[in-house]
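Chain by chain, the residues:
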Amino acid sequence: MKRILFTLAYLALPITVVAAVAVPSYASTTVTELGDLSSLIAVATDTLGLVKAGDMAAAASRITDFESSWDANAAKLRALSSDKWGVIDDASDKAISAVRTSNPVPADAAAAVEALIASLENPSTPTATKGTATAVADANGRPLPCEDLLAAVRTTIAATPPAAADQAKVDELQGKGIERCNADDDKRADDFFAQALNLMGK
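Numbering of residues starts from 1 in every chain and runs along the sequence as written. Local features in a predicted model are, by the rule used here, given only for residues with pLDDT of at least 70; side-chain atom pairs are given and counted only at 80 or more, and totals for whole chains, interfaces and linings are based on all residues. To get the side-chain values, all heavy atoms of the structure are used, and hydrogens and water are removed first.

> Can you break down the pattern of salt bridges residue by residue, with the values?
Pairs can form between side chains of opposite charge whenever their charged atoms are close. Salt bridges are defined by distance alone: a side-chain nitrogen of Lys or Arg within 4 Å of a carboxyl oxygen of Asp or Glu. Scanning the model with the defined rule gives 10 salt bridges in all. For K176, the salt bridge is made with D90, and the minimal N-O distance between the two is 3.4 Å. Pair noted here: K176 is in helix α8 (residues 164-182) and D90 is in helix α5 (residues 82-100), with a separation of 86 residues, a long-range link. Across the pair, exposure class does not vary: K176 and D90 are buried alike. Helical segments are the DSSP runs of H or I of at least four residues, strand segments are the runs of E of at least two, and each set is numbered from the N terminus. Note on exposure labels: buried denotes an accessible area under 20% of the residue type's maximum, exposed denotes more than 50%, and partly exposed covers the range between, all computed with a 1.4 Å probe on protein chains only.

Given below as structure tokens:
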């Protein structure tokens, strides 16, 4: 009898081990310098699905859920990486505007939300598209005073106004730079001002 019980116990052991190993994990995380952004990606993905289904009212409601969560965590995320936070914040502003506008264009809204999802998955810092790189830090790597770059932007605009095709973008970058400068975020403000200068060929 003891031998039979021992054999049965031995045969049961692999089943127990396999069951423990085979338990699936459904947690999918997207971790960057800003931590786990999976919950935000899930909300943005829900929004994209609603946009593609043509339910813009529901999409507007869902993107508002995203906005609330993003804003609630803004201070914490910005402290982890101002650059990465800024990239996503820019994308979120565009997505929210595209989805919640009074007369949304589904294709434009979908593209904006897809760009938001991409930025959440990989918030790389954007680079300027024209001109040469504008210095935004001193020899020790400290951000330059944002007031100095703002003065450079205003001087450049006064001397050589931007091309008509670039005017709206320059105005947008200048506005965002002033906002971040007022918040004592020199690094992010400098980035916006540098992009504006580069668009003007500086």
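> Please give an account of the packing of aromatic side chains that cites residues and values.
Each aromatic ring pair is described using two quantities: the centre-to-centre distance and the angle formed by the ring planes. Pairing of aromatic rings covers Phe, Tyr and Trp, the last through its six-membered ring, and needs centres within 6.5 Å; plane angles under 30 degrees mean stacked, over 60 mean edge-to-face, and all others mean tilted. Applying the stated rule across the entire model yields 2 aromatic pairs. Seen in terms of ring centroids, F66 and W70 are 6.3 Å apart; in terms of plane orientation they differ by 10°. Their pairing is stacked. Of the two residues, F66 and W70 are both situated in helix α3 (residues 56-72); the distance of 4 residues between them amounts to about one turn of the helix. Neither F66 nor W70 differs from the other in exposure class; each is buried. Ring-pair connections join several aromatic residues into one group, and the members of that group are F66, W70 and W85.

> Quick rundown of unusual backbone geometry? Include the residues and the values.
You will see that D184, though not glycine, has its phi angle at about 60°, which is positive. Of note, D184 is situated in the loop between α8 and α9 (186-199).

> Account for α3, naming residues and giving values.
Helical geometry: 3.6 residues make up each α-helical turn, so side chains three or four residues apart lie on a common side. To estimate how far a helix should extend, the number of its residues minus one is multiplied by 1.5 Å. Helix length check: α3, at 17 residues, gives a terminal C-alpha distance of 24 Å against a target of 24 Å (1.5 Å per residue), a fit within 8%. Of the positions making up α3, those classed as buried are M56, A59, A60, I63, F66 and W70. The arc that holds every buried residue of α3, seen down its axis, measures 115°, which confines them to one face. Among the exposed residues of α3, those pointing more than 90 degrees away from its buried face are A57 and A72. Note on contacts: a residue pair qualifies if any of its non-hydrogen atoms lie within 4.5 Å across the two residues. Looking at the buried residues of α3, the elements they touch are α2 (38-52), α4 (74-80), α5 and α6 (106-121). Directions from the helix axis toward the C-beta atoms define the arc.

So yeah, pure geometry; function would need other evidence.
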